[in-house]
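One letter stands for each residue in the lines below.
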Amino acid sequence: MESSEDDIEEDETEWKQHLMDSPLTSRVSGSSPNKTPAPAHKVILHFDLDCFYAQVEMIRNPALRDVPLGIQQKYIIVTCNYVARQQGVTKLMSVTNAREKCPQLVLVKGEDLTHYREMSYQVTDLLLSFCPLVERLGFDENFVDITEMIANRLPCTPDFSFEGHVYSTSREVAEAKANNHPELALGSHIAAELREAIHAKLGLTGCAGVATSKLLAKLVSGTFKPNQQTTLLPENVDDIMGSLSGLRKIPGVGHQTAKRLQVLGLITVRDLQLFPLTELARDLGSPCATRLKNLSLGMDDSPVTPTGAPQSLSDEDSFKKMTCMKEVMDKIQQLLSSLVERMRKDGRQPQTFRLSVRKYSASNKWYSRESRQCPIPNHVKQKITSASSDDTPAVLLSLAMNLFSKMVDTAAPFHLTLINVCFSNLPTQTAAASTRGSITSFFAPSTSPQTSTQSQIDSSMSASGADDRLGSPSIMTPLTPENTAESTPGRDAASRQARHTRSASVSAEASQPVTTSHSSTCSYGGDSKISATHRLPPNVDPQVFSELPANLQRELMREWEQRMPVLKIPAASRKPGREAKDKKGSGTGSQANSLLNYFKPA
Ligand code: DCP
Ligand code: MG
Ligand code: MG
């Protein structure tokens, strides 16, 4: 399987889309770009770690610190350390291009996100030990609302200065202005202290932005990189908004939003600032228009919402082309294995299982995910949390394939580019805390750098790193039960109806003993399921098989016929002349590769 550079770039897009999830504000009253922003009543910090995956790898293996290092996912360098960046390697460059730029580039595979995820939560936990208002964004970013910390410290601060850079302001001018902006000045010192703590306890460097809102803190934090910080004063808000090269640079304006704005002739931030709100509202609806307009003017009053425990755990992979059932089941099985392991570590019992696929579509390459979900039957729930149940992924596979067949017509050719498996509807932290306690680390964080948070979320981005707890939908992506883009709190099971329920109880029929040969009388036509009284191959778990939709059962039988002729017909009844073909079939390992292997754990 392959991943194109385009795919990854768009993952980056999704990654950047998650900032704003606030209800509308009503602060826009006109279309003047020169409207003075509200006074600094809040102080928000935004942290973004430097070359995050590369830093984690350099901590794991210090020998990598001084060499140009790239983190590879499929054919893409998802990030690289700053040594490599000095030599021209950039994030999301293809491996081929990166090697051309920097022949000494050392590559480390970054497809297993476990270490990145763990380090990511340690950073959040550490920040939480200073301030309860911490909101994660992706794997390497956090917002912290330090307004209250500042109110407490302000009375005992005799004089003010800025730590680090001040956006578009010289050091001398900034010093002169510090007394006019005591909250932001103090905020810059707190940002420096937190960056220092992250470095001292976890060995990670990063950038910080200090501003009066999440939007502005995020926009300003990357002004000086790496390992630096920048404060944005209210009088420079218009400068920073005007410096953005396009609407997509506004956090919260995703691909779809930008497309709709483009139709209205809006390309630059200034275009949006000047566009009449009433006209915008006619096209996009008033809440969305107001929100967008405010964002373009640098106004955002969305609160820092403590991230809390994940509402869902998911895993996914993207690829260029998946067209056959064998690959689909293989991939789902693989994703389920790692997801079940994470779910066990988390300790909670999910209520809902969701499967998402992305079908290839030339016109809408990245945003055509479709999802189906179903309640998890009780006996499967128990298996998920029971460490001794080795067959859990196989049992879940049947649920997954049921959902799959509702989205993809397996009898016709298909072309998938992504599969996502997700446990959602997780119990609240209280329930979880009583089960295992691991989730409590989100609420009573440890300051110890050794603490590894077990409750992990979404590795949804095999390439991007999105996060179930954080992602807010792009403001304009329509959400329907039939078409969900990613697992996020706002669009999770609670907001959707379960589409169907299947009983997972084992039918008396399905639990009949199986025999080693397949009845040649088995009919694959019609809609009815294949009864387990039809003989199934020895490696097929009849319970799992019985829960598959009829069309999939037929598909499997057909595949089995093609791939396992040795098993299909008892040797005695084989016609002469088939021998060589059969031997070839078994000799090439087709039996080991058969779909039917999925039905019984090895
Ligand atoms: N990431 C990814 N795929 C993407 C974007 C990001 O896998 N399309 C991962 C790799 C990054 C991490 O997320 O290390 C954080 O993303 P950033 O954009 O913050 O990039 P870095 O932290 O690597 O670099 P920087 O120093 O520029 O922040
Ligand atoms: Mg980042
Ligand atoms: Mg970063």
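What counts and how
Residues numbered from 1 in each chain as written. Chains lettered and ligands numbered in written order. Predicted model: local features only at pLDDT ≥ 70, side-chain atom pairs only at ≥ 80, totals over all residues. Heavy atoms only, no water. Pairing = 2+ DSSP bridges. Helix = DSSP H or I, 4+ residues; strand = E, 2+ residues; numbered from the N terminus. Axes fitted to C-alpha atoms, helices over the stretch in contact; angles between N-to-C directions. pLDDT = per-residue confidence, 0-100. Contact = heavy atoms within 4.5 Å. Core = buried A, V, L, I, M, F, W, Y, C linked by side-chain atoms within 4.5 Å. Buried < 20%, exposed > 50% of the residue type's maximum accessible area, 1.4 Å probe, protein only. Donors = N, O, S within 2.8 Å, 3.2 Å for Na, K, Ca; no water. Tetrahedral: all angles 85-135°; square planar, octahedral: opposite > 155°, others 65-115°. Parallel < 35°, antiparallel > 145°, perpendicular 65-115°, else oblique. Left-handed = near helix turned anticlockwise from the far one by under 90°. Nonpolar A, V, L, I, M, F, W, Y, C, P; charged D, E, K, R; others polar.

## Thoughts on the sheet that holds strand S13 (residues 369-375)
The sheet built from four strands is open, its strands ordered S11-S14-S12-S13 with antiparallel pairing. Of all strands in the sheet, those with a lone pairing partner are strand S11 (313-322) and S13, marking the two edges. On average, each strand axis in the sheet is tilted by 15 degrees relative to the strand beside it, whichever way the strands run. The pairing of strand S12 (residues 352-359) with strand S14 (residues 416-424) spans eight bridges and is antiparallel. Following the sheet pairing, Leu 355 is matched in S14 by Val 421.

## What to know about unusual backbone geometry
Trans peptide bonds make up the majority, and among non-glycine residues the majority have a negative phi. Backbone torsion omega between Lys 225 and Pro 226 reads -15 degrees, so that peptide bond is classified as cis. Despite not being glycine, Lys 74 shows a phi value in the positive range, around 55 degrees. Among the structural elements, Lys 74 can be located in the loop between strand S2 (69-73) and strand S3 (76-80). A positive phi is found at Asn 425, a non-glycine position, where the angle reads about 60 degrees.

## A word on the confidence of the model for the protein
On average, the protein scores 74 in pLDDT, and the residues at 70 or more come to 65%. The low-confidence segment residues 29-40, where pLDDT is below 50, has 20 contacts with residues more than four positions distant or belonging to other chains. Across residues 564-597, confidence stays below pLDDT 50; counting only partners more than four residues off in sequence or on other chains, it has 40 contacts.

## Structural notes on the sheet that holds strand S6 (residues 134-137)
The mixed open sheet is built from six strands, whose spatial order is S6-S7-S1-S9-S10-S8. A strand with exactly one partner marks an edge of an open sheet, and here the two such strands are S6 and strand S8 (165-166). Here S8 pairs with strand S10 (residues 229-231) via two bridges, running parallel. Bridge pairing links His 165 to Thr 230 in S10. Against the sheet, helix H5 (residues 114-128) engages strand S1 (44-49), S6 and strand S7 (141-145), with an angle of about 160 degrees to S6.

## Comments concerning the nonpolar core
Within the largest apolar cluster, 49 residues are counted, with the highest numbers of intra-cluster contacts made by Leu 45 and Phe 52. Those elements that place two or more of their residues in this core are S1, helix H2 (52-60), S2, S3, H5, helix H6 (147-153), helix H8 (182-202) and strand S9 (206-211). Setting aside its immediate chain neighbours within four residues, Phe 52 contacts Tyr 116, Met 119, Ser 120, Phe 139, Asp 140 and Leu 204. Listed in part, the 38 residues of the second largest apolar core include Leu 396, Phe 414, Leu 416 and Ile 419.

## Structural notes on helix H11 (residues 255-263)
All of the buried residues in H11 are His 255, Gln 256, Thr 257, Ala 258 and Leu 261. Remark: Gly 265 follows H11 within two positions and exhibits a positive phi of approximately 85 degrees.

## Quick look at the coordination of the magnesium ion (ligand 3)
The protein atoms that coordinate the magnesium ion (ligand 3) are Asp 48 (OD), Leu 49 (O) and Asp 140 (OD), at distances spanning 2.0 to 2.2 Å. One can describe the donor arrangement at the magnesium ion (ligand 3) as octahedral, given that its six donor atoms subtend angles of 80 to 172 degrees at the metal. Here the donor residues of the magnesium ion (ligand 3) share one chain and are spaced in sequence as D-L-x90-D. In this structure, the magnesium ion (ligand 3) is positioned 3.4 Å from the magnesium ion (ligand 2), and both are ligated by Asp 48.

## Describing the pairing of S3
With five of five residues buried, S3 lies mostly within the body of the structure. When S2 meets S3, the two strands line up antiparallel, connected through four bridges. The residue bridging Gln 73 from the neighbouring strand is Ile 76, located in S3. Between S2 and the antiparallel strand that follows it, S3, lie two residues; Lys 74 among them carries a positive phi value of about 55 degrees. By the bridge criterion, two bridges tie S3 to strand S4 (residues 93-94) in an arrangement that is antiparallel. Considered in S4, the bridge of Ile 76 is made with Ser 94.

## As for the packing of helix H13 (residues 277-284) against helix H14 (residues 286-296)
Here H13 crosses H14 at 130 degrees, and the two axes come no closer than 7 Å. Classed by the angle they form, the pair H13 and H14 counts as oblique. By crossing handedness, the relation of H13 to H14 is classed as right-handed. Residues Leu 277, Leu 280, Ala 281 and Leu 284 of H13 lie in contact with H14, whose contacting residues are Ser 286, Cys 288, Ala 289, Thr 290, Leu 292 and Lys 293. Residue composition of the contact of H13 with H14, by class: seven nonpolar, two polar and one charged.

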